[in-house]
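# Tertiary structure, described
Okay, here's what each chain looks like letter by letter:
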Amino acid sequence: MASFASRLIRWQRRHGRHGLPWQGADAYGVWLSEIMLQQTQVATVIPYYERFLASFPAPAVLAAASEEQVLAHWSGLGYYARGRNLHRAARIIVETHGGNFPRAFDDIADLPGIGRSTAAAICALAYHERRAILDGNVKRVLARHCGIEGWPGEKKVETQLWVLAGSRLPSAVTKGDACAVYTQAIMDLGATVCTRSKPDCAACPVQS
């Protein structure tokens, strides 16, 4: 049987979400999308993302804006701490990294509003690094696929899920964009097939 990763990659290329405005974006664009997509649906985020990126096309432009300007573009998305953290992070990027979005995982993870999973998603999607992510959708996919019981937010359960997430990544010798495709695939699977209620198990590429 093909590996978990290879089945997801094949499924993503055929059935996953394509044409989203942040797909294929640089690290800055991926970062914006990852923050906006926290607790917000894709369809809601798209117009906000496009307007935000048009007004603030680079970290230096975002850093130079006032907080009022940033939050005006954020208005309606909710969870305004996300917008404030974007603004703070952009200023750190200018002050510490010369206006260039950082390349190193630890530097990314240290930015306000970015945790381990978001930093890994940026590295995987923008830099094609082999990094495990563990957002809400991924937790649900792995918990169901591996029969993990308990609340995913519990430390013991989450630690177990991190180990599983790492073990299911594409092979370390994989070349090209496989890690980025896999990362998008496991997020898409949780969002569109392995949903919170009424999952479509018959359509799941890793059901067996």
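Since the structure is predicted, the reported quantities are computational estimates derived from the model, not experimental observations. (Residues numbered from 1 in each chain as written. Predicted model: local features only at pLDDT ≥ 70, side-chain atom pairs only at ≥ 80, totals over all residues. Heavy atoms only, no water.)

## Here we look at helix H9 (residues 136-146)
- All buried positions along H9 are accounted for by Val138, Lys139, Arg140, Val141, Leu142 and Ala143.
- Contact partners of the buried residues in H9: helix H1 (4-15), helix H10 (155-167) and helix H11 (178-192).
- With a side-chain oxygen lying 3.2 Å from the backbone nitrogen of Asn137, the N-terminal cap of H9 falls on Asp135. (Buried < 20%, exposed > 50% of the residue type's maximum accessible area, 1.4 Å probe, protein only. Helix = DSSP H or I, 4+ residues; strand = E, 2+ residues; numbered from the N terminus. Contact = heavy atoms within 4.5 Å. Polar contact = N/O pair within 3.5 Å; in protein donor to acceptor, adjacent residues only side chain to side chain.)

## Points about the environment of Ala104
- Relative to the helices and strands, Ala104 resides in the loop between helix H6 (81-97) and helix H7 (105-109).
- Its relative accessible area of 37% is what places Ala104 among the partly exposed residues.
- Note: C-alpha distance between Ala104 and Tyr127 (23 residues apart in sequence) is 9.9 Å.

## Side note on the environment of Phe101
- Here Phe101 lies in the loop between H6 and H7.
- Those residues in contact with Phe101 that lie beyond four places of it in its chain are Ala27, Tyr28, Trp31, Ile93, Ile108, Leu111, Ile122 and Tyr127.

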